[in-house]
Amino acid sequence: MLSGIQPTAGSFHLGNYLGAVRQWVALQETHDAFYMVVDLHAITVPQDPAELRANTRLAVAQLLAAGLDPERCTLFVQSHVPEHAQLGWVMNCLTGFGEASRMTQFKDKSAKQGADRATVGLFTYPVLQVADILLYQANQVPVGEDQRQHIELTRDLAERFNGRFGQTFTIPAPYILKETAKIYDLQDPAVKMSKSASTPKGLINLLDDPKATAKKVKSAVTDTDTVIRFDAEKKPGVSNLLTILSTLSGSSVEELERSYEGKGYGALKTDLAEAMVEFVTPFRARTQEYLDDPETLDSILAKGAEKARAVAAETLAQTYDRMGFLPAK
Ligand code: AQP
């Protein structure tokens, strides 16, 4: 099991948590799990060095606050394991230019940046992601729906390499929970919640002031109907709120629909705002505790990098050998 999250935005948002990190926490109990903060991916868009350093620590603190346990999983920072960049290069040399050009995330992100400003790093970032996954021989990759195409590319490249050079890589599958595969923007439930949302009102950052979070929930866009019912097509706003509340409360969507029968959207929003505040308040406090103890954080990361490198180095050595690189004596 392998997955990663960017340290770009500072706070994780609700989509990151429900779509990915929440599953990571559960899966560390049942799988040999590798989780990383993908700082090499972060530099595919311009980064301020001091901010990148601070945000990388902040991302690790949030993962621990969310419930990752370094005794149960391998938690590390991508740039601490040089094999990612090394296997990334090999994978670049196996990827067709047209194949990389079809990645919709690149199209979206480069369109947002302006074609002239998008870097080659942004273009090849899905290929680095391929290397991230294959290095650990991952069977499964817990991610949100927006990453499905990148996992498909990973499968294609793993099969291509295995076909040309002999069985080397495990073919991974995406692990995407249907219910939380895509959490939507609170102001525009037609698009995914994202750090690059067009308005901050649609985005719930977990480290924001809980009062501001409650306010955003209460001003979420719904519809002109009054019935609280899950219908992703006709009632995307209400359905999104139901999904979020269902995940946070542990009640199924059907149970929630029944309990809100005859009640208005205000009741749903009030309960969700409360559930959000209940969730983010201890999350913020725990994150701060980890940030206040940088020595523990660094020691967790040092151990994580050592464990990750042991696996990554073995896969890379095998890959180099299969490709015909002369071994260094
Ligand atoms: N809205 C979402 N619903 C479900 N899952 C989501 N993920 C992201 N948004 C949603 C999942 O979170 C994990 C980490 O993604 P990332 O490292 O790409 O984080 P990000 O850069 O903060 O994600 P954004 O906001 O989506 O960034 P932009 O705006 O750059 O596109 C992944 O597993 C992802 O699927």
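Residues numbered from 1 in each chain as written. Predicted model: local features only at pLDDT ≥ 70, side-chain atom pairs only at ≥ 80, totals over all residues. Heavy atoms only, no water.

With an unreviewed UniProt entry as reference, the protein is termed Tryptophan--tRNA ligase, source organism Streptomyces rhizosphaericola. Per its UniProt entry, the protein bears the Subcellular location (unreviewed entry) comment "Cytoplasm". Recorded under Function (unreviewed entry), the UniProt text for the protein is reproduced unchanged: "Catalyzes the attachment of tryptophan to tRNA(Trp)." (UniProt positions renumbered as here; feature names shortened; annotations may be inferred.)

Focus: the side chain of T247
Residue position: T247 is located in helix 10 (residues 236–249). Classification of T247 as buried rests on a relative accessible area of 13%. In contact with T247, not counting residues within four places along its chain, are L18, R22 and T180. (Helix = DSSP H or I, 4+ residues; strand = E, 2+ residues; numbered from the N terminus. Buried < 20%, exposed > 50% of the residue type's maximum accessible area, 1.4 Å probe, protein only. Contact = heavy atoms within 4.5 Å.)

Side note on the packing of helix 10 against helix 12 (residues 265–291)
Helix-helix packing: each pair is described by the crossing angle between the helix axes and the interaxial distance. Viewed as axis vectors pointing N to C, helix 10 and helix 12 meet at an angle of 40 degrees, and their least axial separation amounts to 10 Å. Taken together, the axes of helix 10 and helix 12 lie oblique to each other. You can see that helix 10 and helix 12 cross each other, and the crossing is left-handed. On helix 12, the residues that touch V238, L241, L242, I244, L245 and L248 of helix 10 are Y265, L268, K269, D271, L272, A275, M276 and F279. For the contact of helix 10 with helix 12, the class distribution of residues is 12 nonpolar, no polar and two charged. (Axes fitted to C-alpha atoms, helices over the stretch in contact; angles between N-to-C directions. Parallel < 35°, antiparallel > 145°, perpendicular 65-115°, else oblique. Left-handed = near helix turned anticlockwise from the far one by under 90°. Nonpolar A, V, L, I, M, F, W, Y, C, P; charged D, E, K, R; others polar.)

Things to note about the site of the ligand
Around the ligand lies a shell of 21 residues, among which D146, K192, S194, K195 and S196 are the nearest. One of the backbone nitrogen or oxygen atoms of Q6 is found 2.9 Å away from an oxygen atom of the ligand. Within the backbone of G144, a nitrogen or oxygen atom sits 2.8 Å from an oxygen atom of the ligand. Residues of the shell around the ligand, tallied by class, amount to six nonpolar, 10 polar and five charged. (Near = heavy atom within 4 Å. Polar contact = N/O pair within 3.5 Å; in protein donor to acceptor, adjacent residues only side chain to side chain.)

Considering the sheet that holds strand 1 (residues 2–5)
Adjacent strands of a sheet pair through backbone hydrogen bonds, lying either parallel or antiparallel. Read across the sheet, three strands follow the order 1-2-3 without closing on themselves; strand pairing throughout is parallel. Here the strands that pair on one side only, and so sit at the sheet edges, are strand 1 and strand 3 (73–77). This sheet shows a mean twist of 20 degrees between the axes of neighbouring strands, independent of strand direction. In terms of strand pairing, strand 2 (residues 33–37) meets strand 3 through five bridges, oriented parallel. Residue M36 lies in a different strand from strand 3, and its bridge partner there is F76. (Pairing = 2+ DSSP bridges.)

As for the packing of aromatic side chains
Geometry of an aromatic ring pair is reported as the spacing of the ring centres plus the angle between the planes. On inspection of all chains with the given rule, the structure shows 10 aromatic pairs. Residues Y17 and F279 carry aromatic rings whose centres are separated by 4.7 Å and whose planes lie at 35 degrees to one another, so their mutual orientation is tilted. Separated by 262 residues along the polypeptide, Y17 in helix 1 (residues 14–27) and F279 in helix 12 bring together distant segments of the chain. Between F76 and Y136 the ring centres are 5.7 Å apart and the planes differ by 50 degrees, which places this aromatic pair in the tilted class. Taken as a pair, F76 in strand 3 and Y136 in the loop between helix 7 (120–135) and strand 4 (140–142) lie far apart in primary sequence, 60 residues in all. For Y136, a relative accessible area of 6% gives the class buried. (Phe/Tyr/Trp six-rings, centres within 6.5 Å; stacked < 30°, edge-to-face > 60°.)

Overview of unusual backbone geometry
Even without glycine at this site, Q137 takes up a positive phi of about 50 degrees. Examined against the element boundaries, Q137 turns out to sit in the loop between helix 7 and strand 4.

Examining the UniProt feature "binding site: L-tryptophan" (unreviewed entry) in the protein
Feature annotation in UniProt assigns "binding site: L-tryptophan" (unreviewed entry) to the following positions: D132. You can call D132 buried: its relative accessible area is 2%. Leave out the neighbours within four places in its chain, and D132 touches L2, M36, V38, H41, Q78 and H84. At 2.8 Å, the side chain of D132 forms a polar contact with the side chain of H84.

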